[in-house]
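# Notes for the structure review
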Number of protein chains: 4
Amino acid sequence: MTDRIRNYINGQWIDSRGQASLDVMNPATGKRMAEVPAGSKEDVMAAAEKAHLAWPSWQNTPATRRIQYLYKMKQVLEENEHEIAAICTKECGKTIAESKAEILRAIENIEVACGIPKLMQGGFSENITTGIYEFYIRQALGTCSCISPFNFPIMIPFWFMPYAIACGNTYIVKPSEKVPMTMTRIFELFEKLDLPPGVLNLVHGGKETVDAILEHPFIQAISFVGSSAVAKYIYQTGAIHGKRVQAQGGAKNPVVVMPDADLDAAVKIIADSAFGCAGQRCLAASVVITVGQTGEEFMNRIIRSAREKKVGNGLSDDVDMGPVIRKESKERIEGLIDKGVREGANLLLDGRGIKVRDCEDGYFTGPTILGNVNPDSEIYKTEIFGPVLSILHADTLEDAISLINNSRYGNSACIFTRSGAAARKFRHDTMTGNIGVNIGIAAPMAFFPFSGWKDSFYGDLHGQSLHALEFYTQTKVVIERWHDAWTRKF
Amino acid sequence: MTDRIRNYINGQWIDSRGQASLDVMNPATGKRMAEVPAGSKEDVMAAAEKAHLAWPSWQNTPATRRIQYLYKMKQVLEENEHEIAAICTKECGKTIAESKAEILRAIENIEVACGIPKLMQGGFSENITTGIYEFYIRQALGTCSCISPFNFPIMIPFWFMPYAIACGNTYIVKPSEKVPMTMTRIFELFEKLDLPPGVLNLVHGGKETVDAILEHPFIQAISFVGSSAVAKYIYQTGAIHGKRVQAQGGAKNPVVVMPDADLDAAVKIIADSAFGCAGQRCLAASVVITVGQTGEEFMNRIIRSAREKKVGNGLSDDVDMGPVIRKESKERIEGLIDKGVREGANLLLDGRGIKVRDCEDGYFTGPTILGNVNPDSEIYKTEIFGPVLSILHADTLEDAISLINNSRYGNSACIFTRSGAAARKFRHDTMTGNIGVNIGIAAPMAFFPFSGWKDSFYGDLHGQSLHALEFYTQTKVVIERWHDAWTRKF
Amino acid sequence: MTDRIRNYINGQWIDSRGQASLDVMNPATGKRMAEVPAGSKEDVMAAAEKAHLAWPSWQNTPATRRIQYLYKMKQVLEENEHEIAAICTKECGKTIAESKAEILRAIENIEVACGIPKLMQGGFSENITTGIYEFYIRQALGTCSCISPFNFPIMIPFWFMPYAIACGNTYIVKPSEKVPMTMTRIFELFEKLDLPPGVLNLVHGGKETVDAILEHPFIQAISFVGSSAVAKYIYQTGAIHGKRVQAQGGAKNPVVVMPDADLDAAVKIIADSAFGCAGQRCLAASVVITVGQTGEEFMNRIIRSAREKKVGNGLSDDVDMGPVIRKESKERIEGLIDKGVREGANLLLDGRGIKVRDCEDGYFTGPTILGNVNPDSEIYKTEIFGPVLSILHADTLEDAISLINNSRYGNSACIFTRSGAAARKFRHDTMTGNIGVNIGIAAPMAFFPFSGWKDSFYGDLHGQSLHALEFYTQTKVVIERWHDAWTRKF
Amino acid sequence: MTDRIRNYINGQWIDSRGQASLDVMNPATGKRMAEVPAGSKEDVMAAAEKAHLAWPSWQNTPATRRIQYLYKMKQVLEENEHEIAAICTKECGKTIAESKAEILRAIENIEVACGIPKLMQGGFSENITTGIYEFYIRQALGTCSCISPFNFPIMIPFWFMPYAIACGNTYIVKPSEKVPMTMTRIFELFEKLDLPPGVLNLVHGGKETVDAILEHPFIQAISFVGSSAVAKYIYQTGAIHGKRVQAQGGAKNPVVVMPDADLDAAVKIIADSAFGCAGQRCLAASVVITVGQTGEEFMNRIIRSAREKKVGNGLSDDVDMGPVIRKESKERIEGLIDKGVREGANLLLDGRGIKVRDCEDGYFTGPTILGNVNPDSEIYKTEIFGPVLSILHADTLEDAISLINNSRYGNSACIFTRSGAAARKFRHDTMTGNIGVNIGIAAPMAFFPFSGWKDSFYGDLHGQSLHALEFYTQTKVVIERWHDAWTRKF
């Protein structure tokens, strides 16, 4: 078929050797847009071999020259922002503004990776004992790969790939089979970079492709973002094959609203955080814990704010929230809302059954708010990954923190307060890797590690910044001795 | 039984709940010295629970106060150097000088860990966008553990433990069941530190103990040193249980002797490296590759030097080399020598059948040298872990490096040369994590990572220095916004 | 004379060659305790020459061995805490608790300097262009010196000296001629360290000594703490002689009390900060700016708290505040109080004329509080360096910050508030190098730079931590190329 | 006059208020090209005031946004490489290739400065005592300035300026009055950056301008490159006005040729280093010290190589070496050659009296080599800053290093050898801040400090990389305490 998306291997666009294909849908319209290969082991083998062959000369290219490709990469993303954002919105459903925000974050990571010549320096010590010196360098691992989820088709590979190639590795990007078009277009645009063939490769597919990546002996390190269950599988399977793995999982991110919070700010920010990207964000606020008296006032206002969100096709400028990714996702989310109600939650705002004009077949669920959610209920514990906000109450900040720390997830937690003491206690005691104070989405800048904890992360080194650098390199320690006497005879 | 070694849990000496015991032998005399518990799941559970309970208050103890215990730890090791070294020599077999060298390296690691208050600092960025700032801190993981091999009863736990506790973790040391007495005595001496109970724990045992550590949900991170097969098992099993793991495996470390090498220095250093600790060192030189003309001259001199090594009970001052750890080890090593000869190697020096006066039952094998070893033979590929040196020849430095890079191991490689160019090429091209130039044992100082590669290491962060710090902490990113307007109303 | 204090040069106690002497007084009793040489150029020349000669072999001593002396130094200070504190209290006047706090901070700096082997590492970059690598190391400067003030006889040399010698420099300490006994005793105790002669030297004296240090060509770098006028002189004169200089000057440190401050905490902490060490601290709170309504309540309570301070001989356990350093200081301080009153301030608490039993000849001024101080008055602008607290009022936080930023000084500023927003605005906008939030004395820990700004500091690199390391070393960059072809012929 | 070069202040091109002007000459043709203002105090005042006003909002612009201007800056230099190089060659005399090499190095510094958001991070420590945390940030100083020499019209301001503005300072560039056109053109091109007015300013002039910069109270920090005499003056005068200063001075850079050197490589590289930029480089090789037997062979070959250098107008592609900067320079250089001969040196190659076709009025001196130069002669000690190479002989490497270490300069030193031991000894013992091994010009990459020592540098922090970052920022330490109790009442 003519619209079947191809892989990019060794500088060439190549058909997948696998027969099966999957449909790429526009979730706002329910229309099929393209066909993506379901993937095959052969595709991964081809990519891994070419990437492996491209590695030695890429590693020996000076870092100062390697980053010149990244400067161009930044420019290509900047110059093609609109086009890339539109594709992303079409296959992923989020709004154009949300798609552009992804590009911005991708660029920020490229910028940090441009600093690799300095950041990659090893250390040097004179005279560890008299006349002997020792130093270490960081060298690339070889070929590495990332396996990327559907919810950030643009951004997530850039948490990893720019660092990997800046450090001298060659790379294979495996996008989600639900949103393969965006990265495919980005790779088309990247042909302008004139990277040596094999340095950057793109392989499409589903589980077979993933497993082939996990198993291939040439692939040294794997970065993953997805649900906790799959993250754990990736971590385990990668480790069984002796690889380095960093695997970022799911989340259920709580926001604490203190009695002294600035409610105007809090309501607006929390609504954006809960319903932005239709709640399909690993940093989305999905639980609010109100502390003390503010509960009711907050509830009324967040309902009002949620109700005002315009739901629709993300391509329209005036839309605040798009669809979820697939019909099955919509059904699953709405099933969870049912379950929540059955478990005793108050359905304060019901987004089910929303109709969007001209998008009757789109996968829309409107903003939904559940009140009085029981922390022992399943709805509380499950990552819904949709536009559903659960509200709980706690008497004190300590209670709220206990609630949070009992969760299996540890991606992020936020607090709204005017109190310096509450902020300090919260950030010190809360066991999540990303903390926000008067912020809705505590997404670390590219020069910080993206620090999930607990079941939200498997591994030790995170994406972005120095952690990415360390993950994509190995240290080589050198100890040298030269006798002065040797300088006297030739 | 009165001489059954006990565990140290929560500040108390406690009998293992497991029934079975193993003998602790003096390898120089073949005499049984003590009995060590074979270990039990209950022991690990008890230690993990107590360590887990001790954690919160230890983590909240300021780092500047935590390191005061390390200063005392350094002092205790210094003041009891002779006693500790003697125990180590008795149960491990190595010479007193070798035991003392371990203590020195242990102390160096404590010293580096004393710098944790500075090294552990996170980063702070003002104005990531106007008025918003972001920072990260490193927080302890909880309870961590190391599983330590027989060949360095003192040093190896100190590659990990001082960093772990300096960072605010609580810890369980699991020494080798072959050499449990040394660490037990060290823990007795450490009672003087007055560490809060539960911070530092000692659990003895064999595989059941190891598996219980790998599985226990309270244990967050595991450090291991041993053979590659077990290292891989530890890495896989730890990962299956979602933990952080760093697992250092075996090695077969080559030394290249270039035609311009200073043979006096090279021969002496290589003999020390190959036969020190009876070759039971993961950094021992076990293969020499002579390049160009020097082959024969080198071979004659290394045989002479090896022959002069005095083999005996490590407690005697004039002994150069002690026994191997167990009768089975001796038999295995001697079997491998047989095999080497069958595979076509020349037996240039045969250490089998050596008799040591007053130590007739000791597990001694003398220095052994095999010449003309075939790189395709099994003897070449197998880690012998005994005083056996294999010699090969290569025509050029490139050929020597190819030989090395074909190995599955990547622990260390050394070169002897007067040429700056040969040194540079060697350290750049050779794929091992530790490189020595005119050095026999490229053991990184404590302020460098101990950088094994390939099958010599599973994981990403190594022991010692900043890698240990990163391994034993997790990053927490905080993003804060405070509105200036709030400063105007109270 | 028998009680004339001697210099310590090249490992020996030597009489000053200068004839003149100065009296060392006990400020609590007004009694002469000893005689200190007024100093001479010859003394400095002797010390500089010996230190210069000692340098090369000290620099070539591995850093890991150099720091062993620092570990002992820490131990010596710990073991002799009481004796050192008593001498300090006798010649300097502060309480025993205050003297001990100095020792603690001195030790903390030694601890950070013990981390030098790691902290001193330079950087290494492979392949800056193919086949060429570049690295840098830090090397010691040679002989360096600090010129230390009377108010912290113990602590201040340790902001500099431990780093200097850890980095491989040799050193000359010049204590204040008002308090020479403490450092002299410390040097006596340091004989136990067995430092190589010439590494650490002590030279007493006044201005002639200072000028000789500033001019001597062997002295590469000078650290100073004192008044701003002298700091500027030191900076200028040192620079004229081409040296590195870091010169810390005076201060007038404001504390802002916001309407939402916890007054219990604020009053207690501010009273301690203003009157501790009799106000002779470069980080003393000497101005309080109350914002909004709290003014009166705060004023009443701080007067009460100040009145309760027990003034007396610092040797007594129950004394809160000792004398000022000299009769002339007392007269100067009391003259400034007069002037303040003449300039329109309200004398809320008058410490002049205080009588201390058994210390009738001591230089005591009691806690003094001036209210309604005019920011244009001279008393406001002058560093009083005595137990005098001035109180002002501002309507808003912005106004308070403006007041602070108009000062020529920039040492420290503190705020008391419960508001996270006020804290953020204050620390961002206030132009002082050390900021405290709900803290009275913002003295940076030893692993932070001691960051004065504006006229409170001349230079760029501060004392303590990495700044000290950078100040006491110079970078050496090395670029190397070796041709692979050279590995083929010998 | 229409061709009088203007200043760029606050985003506008403005005539100097000074009346006097100086001629800008083309040194290859001796023709006047333009007129540059001799400068005035008023010009500096205007620039300093505007830069001072622009500072607060520039500092509050997030670093991530500030660096976007630097990305554009890189692009502008890349896109206009040919035009800028041509102007530089015309007014400075060097070849087009040499001018382009400057641009490349300027760009590299911009690239490193683009990493400022990461590099500028301060440190954060939790729990310095329980419940208290401490952090530091780096904040800009205000307005800073560099005073730049004639020999690198493009590169040298970029050692400083990109870092300064990336860190949030505003800036004044003062180019050499001999080569004002290049930077003026660069500033014209930089108008495309759309930097906020006042951030980047250009002021022309001579000594009066320099003195006004040194004295102006708004200018916080000064970077200088020039002769040692002027560097010292700048350092002293800046310090007298209380400023931070880094002042890079002159040099006399030795190259040691060992008996085992690869003479082909050594001769070619040394000839390029000695005669490139007509020897007007602070890193030019101006002295060769031959060790052992190689002397004569080297001498013959370097004469041949020098003789082959084609001297001419740098605009021609086939020219290897251009003129010196001024007629007076030529006369001074030729006078020094005379003096050298009178002092006993052998004139091995005489570049005086060279005629260049079509450039009869250019300031040309051809490559000149003096042999047998006496290390006590003045010619040996004087920085000639022209195409004159002096050759000496030493018996051993130790002797050669002694010769080097006796010099007042410490900018750079190189060695040619195949021996790892000679390289180690040389780089360890030689007291210069930049060391080359088998390299002619040891110019540190932009991610290393440019490390002059001794009279080649006054100050402590050098240009480029982290030193520039530290020089252009001041640390602010913050210590905060918040009581948990405050979280319970609102």
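Reading the values: the criteria
Residues numbered from 1 in each chain as written. Chains lettered and ligands numbered in written order. Predicted model: local features only at pLDDT ≥ 70, side-chain atom pairs only at ≥ 80, totals over all residues. Heavy atoms only, no water. Axes fitted to C-alpha atoms, helices over the stretch in contact; angles between N-to-C directions. Helix = DSSP H or I, 4+ residues; strand = E, 2+ residues; numbered from the N terminus. Parallel < 35°, antiparallel > 145°, perpendicular 65-115°, else oblique. Left-handed = near helix turned anticlockwise from the far one by under 90°. Contact = heavy atoms within 4.5 Å. Salt bridge = Lys/Arg side-chain N within 4 Å of Asp/Glu carboxyl O. Buried < 20%, exposed > 50% of the residue type's maximum accessible area, 1.4 Å probe, protein only. pLDDT = per-residue confidence, 0-100. Least-squares fit on C-alpha atoms with pLDDT ≥ 70 in both. Core = buried A, V, L, I, M, F, W, Y, C linked by side-chain atoms within 4.5 Å. Domains from an automatic or database assignment. Buried area = accessible area lost by both parts, 1.4 Å probe. Nonpolar A, V, L, I, M, F, W, Y, C, P; charged D, E, K, R; others polar. Phe/Tyr/Trp six-rings, centres within 6.5 Å; stacked < 30°, edge-to-face > 60°. Pairing = 2+ DSSP bridges. Right-handed = clockwise from strand over helix to strand, strands pointing away.

## Here we look at the packing of helix 2 (residues 63–79) of chain D against helix 8 (residues 180–190) of chain D
All names here are of chain D. Two numbers describe how helix 2 lies on helix 8: the axes approach to 10 Å, and their chain directions differ by 120 degrees. Classed by the angle they form, the pair helix 2 and helix 8 counts as oblique. With respect to the hand of their crossing, helix 2 and helix 8 are arranged in right-handed fashion. Facing M73, V76 and L77 of helix 2, the residues of helix 8 in contact are I186, L189 and F190.

## Considering the pattern of salt bridges
Taken as a whole and assessed by the stated rule, the structure comprises 112 salt bridges over all chains. As a salt-bridge pair, E480(A) and R427(B) come within 2.4 Å of each other at their nearest N and O atoms. One end of the pair, E480(A), is in strand 22 (residues 473–481); the other, R427(B), is in helix 15 (residues 420–429), on a second chain. Judged by its relative accessible area of 1%, E480(A) falls in the buried class. Under the relative-accessibility criterion, R427(B) is labelled buried at 6%. One salt-bridge network, held together by shared partners, links D3(A), D23(A), R32(A) and E35(A).

## Quick look at the confidence of the model for chain A
Looking at chain A as a whole, its pLDDT mean stands at 96, while 99% of the residues score no less than 70. For this predicted complex, the interface confidence score (ipTM) comes to 0.96, while the overall pTM stands at 0.97.

## Observations concerning the relation of the copies chain A and chain B
Of the transformation placing chain A onto chain B, the axial shift is 0.0 Å and the rotation is 180 degrees, giving an RMSD of 0.0 Å. The superposition operator between the copies reduces to a two-fold rotation axis. In terms of C-alpha distance to the rotation axis, chain A has A239(A) as its closest residue, with the C-alpha 3.2 Å off the axis. Both copies contact each other with a shared surface, as 100% of the interface residues of chain A are interface residues in chain B too.

## Points about the environment of K50(A)
Residue and element names in this part refer to chain A. Take K50: it is sitting in helix 1 (residues 41–60). For K50, a relative accessible area of 36% puts it in the partly exposed group. Between the alpha carbons of K50 and H82 there is a distance of 32 Å; along the sequence they are 32 residues apart.

## Some remarks on the environment of V199(D)
Residue and element names in this part refer to chain D. Structurally, V199 can be placed in the loop between helix 8 and strand 9 (200–202). Separated by 188 residues in sequence, V199 and G11 place their C-alpha atoms 8.2 Å apart. Sequence-distant contacts of V199, defined by excluding residues within four places in its chain, comprise A54, W58, I165, T170 and Y171.

## Overview of the nonpolar core
Counting 593 residues, the largest nonpolar core has Y171(A), Y171(B), Y171(C) and Y171(D) as its most contacted members. When near neighbours in sequence (up to four residues on either side) are disregarded, Y171(A) contacts C144(A), S145(A), C146(A), F160(A), M161(A), A164(A), I165(A), V199(A), L200(A), N201(A), S223(A) and Y472(A). In this structure, V44(A), I213(A), I222(A) and I172(B) belong to the second largest nonpolar core, which totals 43 residues.

## Section: the domain arrangement of chain A
Residue and element names in this part refer to chain A. Along its sequence, chain A is organised into domain 1 (7–249 + 456–477) and domain 2 (253–437). For domain 1 and domain 2, the distance between their C-alpha centres works out to 31 Å. Taken together, the 25 residues of domain 1 in the interface contact 26 residues of domain 2. Summed over both sides, the interface of domain 1 with domain 2 buries roughly 2,100 Å², with 60% coming from carbon and sulfur. Here domain 1 is connected to domain 2 by zero salt bridges. Contributions of two or more residues to the side of domain 1 that touches domain 2 are made by strand 3 (21–26), helix 3 (81–92) and helix 4 (96–113). By residue number, the principal contributor to the side of domain 1 that touches domain 2 is helix 3, which donates five residues. The residue makeup of the side of domain 1 that touches domain 2, split by class, is 10 nonpolar, nine polar and six charged.

## Focus: the interface of chain D and chain A
A common measure of how large an interface is: the accessible area buried when the components associate. At the interface, 43 residues of chain D touch 42 residues of chain A. Linking chain D to chain A there are six salt bridges. Among the salt bridges present, the one from E398(A) reaches R488(D), with a minimum N-O distance of 3.1 Å. Listing elements by their share of the side of chain D that touches chain A, those giving two or more residues are helix 2, helix 5 (116–119), strand 5 (122–129), helix 15 (397–405), helix 16 (420–429) and helix 17 (465–471) of chain D. Of the residues belonging to the side of chain D that touches chain A, the class tally is 18 nonpolar, 13 polar and 12 charged.

## A short note on the packing of aromatic side chains
Residue and element names in this part refer to chain A. Taken as a whole and assessed by the stated rule, the structure comprises 76 aromatic pairs over all chains. On the basis of an interplanar angle of 40 degrees and a centroid distance of 6.3 Å, the ring pair of F187 and F190 is categorised as tilted. With F187 and F190 both in helix 7 (residues 180–190), this residue pair falls three residues apart, about one helical turn. There is no split in this pair, since F187 and F190 are both buried.

## Some words on the pairing of strand 11 (residues 244–248) of chain B
Along any regular strand, the residues point their side chains to alternate faces of the sheet. Residue and element names in this part refer to chain B. Of all five residues in strand 11, five are buried, a share of seventy percent or more. Burial of the side chains of strand 11 extends over both faces: R244, Q246 and Q248 are buried on one face and V245 and A247 on the other. Here five bridges tie strand 10 (residues 219–225) to strand 11, and the two strands are oriented parallel to one another. Bridging from a neighbouring strand, I222 pairs with V245 of strand 11. Regarding the hand of the β-α-β motif, the stretch spanning strand 10, helix 9 (residues 228–240) and strand 11 is right-handed. Sheet topology places strand 11 next to strand 21 (residues 457–458); two bridges connect them, and they run antiparallel. Bridge pairing in strand 21 places A247 opposite Y458.

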